[in-house]
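# Per-entry structural report
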Amino acid sequence: MKKIIFVLLMVVASWCSASAYDLLEGGIAYDYAFGEMRVVHLDSYKGDIVIPAQVKYNGVMRSVTSIDSRTFDGTAVTSVRFPSTMRYVYDLAFNSCKQLKAVYLNEGLIFMGANMFKDSSLPSIEIPSTVTKIRDHCFYNCDNLTSVVVPDNVIELGMCAFMECDKLESVKLSESLTEISYCLLRDCPSLKTVVIPDNVTKIGGSCFDGSSLQELVIGKSVNFIDDLALRFNNQPVIRMRCTIPPTASSQGLRTNTEIHVPKGSLAAYKTHSYWGSFIIIDDEPAPVAPGDVNGDGIVDISDLNALINVVLGSESADKYEGRADVTGDGVVDISDINAVINIVLGK
């Protein structure tokens, strides 16, 4: 009886092994689903891997569009190059890859899963402009990572995404973010400067807890800062772009912290139940309304005249410190004049 059971177990094990993937081609394993191929795990992955854009399965060339969860987890890969067809990378794909030196992501990639590079040796990364979502703990404990630019198409940057990146010195955040997630940059002792984008309204709890920032710039739309988001190892310069003081409490800031606020908002900060406890200095530029070319606080015919002078070449755009480019397209031309006309007319 025991011998029969043993034989049955061996048959089942053999069947499971045989069905672990649908295709093995060029040392890479794939599964097939819905007309596309997904790269899946092999313990034998090592060295430099180049994923092809297509592989033949059942006699038909099919696109390789995703990487499965834990595909390279704990393997000896040193680099992986993505094809132009790749769209999704799922959770823990490169978890604990201790020999990883480079991953070349492709334009067209959309989704980066949770814990994607967790505990890996990745030293640098170029995130494609097409990525829209980066999930929780994506770069958690990437000790060799030194800088990251999060492209402006990213609308979701998960909690703890860069937590415990010991060598991380700079992060440029996406201008499309509306919220900074919990513990996003916690325990990053090498981080120097962070600018919170102007579309962000909330900074999550413990966001910078344990970090050693020299300067933090808080965007003009922030209205809520969760507990301990601003608890630093040191005492950085904090610059507020928001004229209305954000709701905040229990931050762990020292009482002699200098908070630099926009001109004209000194009283609002000094009388605030939380911010009034610190040293408030109103030396930050006040926000300028779109179309206020001359910076006088009003959008009217004088701004239109200023723009016409710039377009005709009788005045330099530099005189207006970037305010002449009303449309934000990098050029001062008739479109900026039309934009100011519409603002003046209330359109």
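Residues numbered from 1 in each chain as written. Predicted model: local features only at pLDDT ≥ 70, side-chain atom pairs only at ≥ 80, totals over all residues. Heavy atoms only, no water.

## Considering the overall build of the chain
- Each helix and strand counted, the chain has four helices and 23 strands in total.
- In terms of principal-axis extent, the alpha carbons of the chain reach across some 90 × 50 × 30 Å.
- Going through the 347 residues of the chain one by one, you find that 42% of them count as buried.
- Summarising the internal contacts of the chain: among those between residues at least 6 apart in sequence, 26% fall at separations of at least 24.
- Only carbon and sulfur atoms are counted for the fraction: they give 53% of the accessible area of the chain, which is about 16,800 Å².
- Taking the average place of the 29 positive charges on the side chains of the chain and the average place of its 42 negative ones, the gap between the two points comes to 9 Å. (Helix = DSSP H or I, 4+ residues; strand = E, 2+ residues; numbered from the N terminus. Buried < 20%, exposed > 50% of the residue type's maximum accessible area, 1.4 Å probe, protein only. Contact = heavy atoms within 4.5 Å. Areas by Shrake-Rupley, 256 points an atom, 1.4 Å probe, with all protein chains shown as cover. Lys, Arg positive; Asp, Glu negative; His and termini not counted. Charge placed at Lys NZ, Arg CZ, Asp CG, Glu CD.)

## Topic: the sheet that holds strand E17 (residues 202-203)
- Reading across the sheet, the four strands line up as E15-E17-E19-E21 and stay open at both edges, with parallel pairing between neighbours. Taken across any chain shown, the strands that pair with only one partner, and hence form the sheet edges, are strand E15 (179-180) and strand E21 (247-248). (Pairing = 2+ DSSP bridges.)

## Thoughts on the sheet that holds strand E9 (residues 102-104)
- With respect to topology, three strands assemble into an open sheet ordered E4-E7-E9, the strand pairing being parallel. Bordering the open sheet on either side are strand E4 (46-50) and E9, each of which pairs with just one other strand. Sheet twist, expressed as the average angle between the axes of neighbouring strands with direction ignored, equals 20°.
- Where strand E7 (residues 76-81) lies against E9, three bridges are found, and the strand directions are parallel. Paired with Ser79 across the strands is Ala102, a residue of E9. (Axes fitted to C-alpha atoms, helices over the stretch in contact; angles between N-to-C directions.)

## Section: the pairing of E7
- The sheet contact formed by E4 and E7 spans five bridges and is parallel. Across the sheet, residue Val50 finds its bridge partner in E7, namely Arg81.

## Looking at the packing of helix H3 (residues 301-312) against helix H4 (residues 334-344)
- Look at H3 against H4: their axes get within 10 Å of each other, and the N-to-C directions meet at 175°. Relative to H4, the element H3 is oriented roughly antiparallel. Along its contact with H3, which presents Asp303, Leu304, Leu307, Ile308 and Val311, the element H4 presents Asp336, Ile337, Val340 and Ile341.
- In terms of residue class, the contact of H3 with H4 is made up of seven nonpolar, no polar and two charged. (Parallel < 35°, antiparallel > 145°, perpendicular 65-115°, else oblique. Nonpolar A, V, L, I, M, F, W, Y, C, P; charged D, E, K, R; others polar.)

## What to know about the nonpolar core
- If you look at the biggest cluster of nonpolar residues, it comprises 82 residues, and the most contacted ones within it are Phe117, Phe139 and Phe162.
- Sorting the residues of this core by element identifies strand E2 (28-33), strand E3 (36-40), strand E5 (54-57), strand E6 (60-67), E7, strand E18 (215-218), strand E20 (237-240) and strand E22 (258-262) as the ones contributing at least two each.
- Judged by nonpolar contacts, the second largest core, of nine residues, contains Val293, Leu304, Ala306 and Leu307. (Core = buried A, V, L, I, M, F, W, Y, C linked by side-chain atoms within 4.5 Å.)

## Things to note about unusual backbone geometry
- Phi at Ser96 takes a positive value of approximately 55°, unusual for a residue other than glycine.
- With respect to the helices, strands and loops of the structure, Ser96 is situated in the loop between strand E8 (88-89) and E9.
- Taking relative accessible area as the criterion, Ser96 reaches 24% and is therefore assigned partly exposed.
- Backbone geometry places Asp119, a non-glycine residue, at a positive phi of 60°.
- Within the secondary structure, Asp119 sits in the loop between strand E10 (111-112) and strand E11 (133-134).
- Look at Asp119 and you get buried, because its relative accessible area is 15%.

## Focus: the pattern of salt bridges
- Enumeration over the complete set of coordinates arrives at 13 salt bridges.
- Asp73 is the salt-bridge partner of Arg70, the closest N and O atoms lying 2.4 Å from each other.
- For Glu175, the salt bridge identified is with Lys172, shortest N-O distance 3.9 Å.
- Residue Lys172 is classed as partly exposed on the basis of its relative accessible area of 35%.
- Overlapping salt bridges, with partners in common, bring together Arg186, Asp187, Asp209 and Arg231 in one network. (Salt bridge = Lys/Arg side-chain N within 4 Å of Asp/Glu carboxyl O.)

## Describing H3
- End to end, H3 covers 16 Å across twelve residues, agreeing with the expected 16 Å (1.5 Å per residue, within 8%).
- Buried within H3 we find Asp303, Leu304, Ala306, Leu307 and Val310. Viewed along the axis of H3, the buried residues span an arc of 160°, placing them on a single side of the element. Exposed residues lying more than 90 degrees from the buried face of H3 are Ile301 and Leu312.
- Along its buried surface, H3 packs onto H4.
- Backbone geometry just after H3 places Gly313 at a positive phi near 90°. (Expected span 1.5 Å × (residues − 1). Arc of directions from axis to C-beta.)

## Quick look at H4
- Taken as a whole, H4 has its buried residues at Asp336, Ile337, Ala339 and Val340. Taken down its axis, H4 places every buried residue within 160° of arc, on the same side.
- Those residues of H4 that are buried lie in contact with H3.

## Remarks on the environment of Ser176
- When you line up the elements, Ser176 lands in the loop between strand E14 (170-172) and E15.
- If we ignore the near neighbours within four places in the chain, the residues touching Ser176 are Asp152, Asn153, Val154 and Ile155.
- Side-chain polar atoms of Ser176 contact the backbone oxygen of Asp152, separated by 2.3 Å. (Polar contact = N/O pair within 3.5 Å; in protein donor to acceptor, adjacent residues only side chain to side chain.)

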